Amino acid sequence: LAADAAARDRLAAAMANAAWGEPLAAHRALRHPGFAFTALANSMAVRHADLHLAVDGRPVLSARGVSGIDGTLAHFAGAGRALGRGLLLCGDLAALHDLPGLMACAGGDGGAIVVLDNGGGAIFDFLPVARVPGYRQWVRTGHQHDLGHAAALFGLRHHPCGDAQALDTALDHAASGGWHLIVCDTRTCDTVAQHRDLLALLARP
């Protein structure tokens, strides 16, 4: 318990001074108090939540579909009908894979879909396969899609975010009502280094 408390204190201090990137975006989103429940896509979203999710009694949901991402948006929208305004943390590929699920984002209490846009499949950067020639083309599944167009198509408010201040503002707007698509651009950030540095900090005796 003492080690856990010390690690949480170090986490809070680190996030107060952290540079922009996936760990900071996940921390700010998952700690925002304005939502009734939290939903998580698989892959990096679950791993970020393992470090940053506040234990405050709010329900936490996650569903593993085909390839780990099928139905992520629809699942979140459906859960909102029962639980109220929620927040979904997901990656860009999970969002793209289930774009038709945004059709379910109509009526209800609304919610925030927070997309960590790292340019496709960044979780694989943590694995040895990242050093194999052709990795980015064949494994990373990169894309150049602008999710803002999807927000316009399905009637969600779009918030492109490139820093913590923009994200905080977007989350505050989303907490007040309606459906919001918040896209955090982390393409130029070194998520692997940031995540590993944070883990090393928390594991320190």
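Residues numbered from 1 in each chain as written. Predicted model: local features only at pLDDT ≥ 70, side-chain atom pairs only at ≥ 80, totals over all residues. Heavy atoms only, no water.

### Here's the deal with the pattern of salt bridges
Where side chains of opposite charge bring their charged atoms close, a pairing between them can arise.
Part 1 of the argument: Tallied over the entire structure, the rule returns five salt bridges.
Part 2 of the argument: Note that Arg187 and Asp117 form a salt bridge whose closest N and O atoms lie 3.2 Å from each other. One end of the pair, Arg187, is in the loop between strand E6 (179-185) and helix H9 (191-203); the other, Asp117, is in strand E4 (residues 111-117), and 70 residues separate them in sequence.
Part 3 of the argument: Under the relative-accessibility criterion, Arg187 is labelled partly exposed at 31%. (Salt bridge = Lys/Arg side-chain N within 4 Å of Asp/Glu carboxyl O. Helix = DSSP H or I, 4+ residues; strand = E, 2+ residues; numbered from the N terminus. Buried < 20%, exposed > 50% of the residue type's maximum accessible area, 1.4 Å probe, protein only.)

### A look at the sheet that holds strand E5 (residues 157-161)
Part 1 of the argument: What the six strands build is an open sheet, ordered E2-E1-E3-E4-E6-E5; its pairing is parallel. Strands with a single pairing partner mark the edges of an open sheet, and in this sheet they are strand E2 (60-62) and E5. Direction aside, the axes of adjacent strands within the sheet are offset by 20° on average.
Part 2 of the argument: Pairing between strand E3 (residues 86-91) and E4: six bridges, direction parallel. For Leu87, the partnering residue across the bridge sits in E4 and is Ala112.
Part 3 of the argument: On the sheet, helix H8 (residues 164-175) packs against E3, E4, E5 and E6 and is oriented at approximately 170° with respect to E6. (Pairing = 2+ DSSP bridges. Axes fitted to C-alpha atoms, helices over the stretch in contact; angles between N-to-C directions. Contact = heavy atoms within 4.5 Å.)

### A few points about the environment of Asp117
Part 1 of the argument: In this structure Asp117 comes out as buried when scored by relative accessible area, which is 7%.
Part 2 of the argument: Each C-alpha atom, one on Asp117 and one on Trp179, is 19 Å from the other, the two residues being 62 residues apart in sequence.
Part 3 of the argument: Not counting the four nearest positions on each side in its chain, Asp117 is found in contact with Asp92, His143, Val183, Cys184, Asp185, Thr186 and Arg187.

### Structural notes on the side chain of Thr191
Part 1 of the argument: Along the chain, the position of Thr191 falls in helix H9.
Part 2 of the argument: With near-sequence residues (within four places) excluded, Thr191 lies in contact with Glu22 and Phe126.

### Focus on the nonpolar core
Part 1 of the argument: Counting residues in hydrophobic clusters, the biggest one holds 55 residues, and the most contacted among them are Ile113, Ile182 and Cys184.
Part 2 of the argument: Counting residues per element, this core draws most heavily on H8, at six residues.
Part 3 of the argument: The residues touching Ile113, leaving out its near neighbours within four places in the chain, are Leu73, Phe76, Leu88, Cys90, Leu102, Cys105, Leu156, His180, Leu181 and Ile182. (Core = buried A, V, L, I, M, F, W, Y, C linked by side-chain atoms within 4.5 Å.)

### What about the packing of helix H3 (residues 44-52) against H9?
Part 1 of the argument: Interaxial distance between H3 and H9 falls to 12 Å at its minimum, and their mutual angle equals 30°. When the axis of H3 is compared with that of H9, the two are roughly parallel. Between H3 and H9 the crossing geometry is left-handed. Within the contact between the two elements, H3 uses Arg47, His48, Leu51 and His52 and H9 uses His195, Leu198, Leu199 and Leu202.
Part 2 of the argument: For the contact of H3 with H9, the per-class residue count stands at four nonpolar, three polar and one charged. (Parallel < 35°, antiparallel > 145°, perpendicular 65-115°, else oblique. Left-handed = near helix turned anticlockwise from the far one by under 90°. Nonpolar A, V, L, I, M, F, W, Y, C, P; charged D, E, K, R; others polar.)

### Things to note about helix H1 (residues 2-16)
Part 1 of the argument: A rise of 1.5 Å per residue sets the reference length of H1, with its 15 residues, at 21 Å; its end C-alpha atoms lie 21 Å apart and thus fit the reference within 8%.
Part 2 of the argument: Of all the residues in H1, the buried ones are Ala7, Arg10, Leu11 and Met15. The buried residues of H1 occupy an angular sector of 125° when projected down its axis, which confines them to one face. Seen from the open side of H1, the exposed residues pointing more than 90 degrees away from its buried face are Ala2, Asp9 and Ala16.
Part 3 of the argument: Elements in contact with the buried residues of H1: helix H2 (22-31), H3 and H9. (Expected span 1.5 Å × (residues − 1). Arc of directions from axis to C-beta.)

### Things to note about the environment of Arg196
Part 1 of the argument: Mapped onto the elements, Arg196 comes out in helix H9.
Part 2 of the argument: Accessibility expressed as a relative area gives 44% for Arg196, which makes it partly exposed.
Part 3 of the argument: With 70 residues separating them in the primary sequence, Arg196 and Phe126 have C-alpha atoms 9.4 Å apart.
Part 4 of the argument: Here Phe126 takes part through its backbone oxygen, which lies 3.1 Å from a polar atom of the side chain of Arg196. (Polar contact = N/O pair within 3.5 Å; in protein donor to acceptor, adjacent residues only side chain to side chain.)

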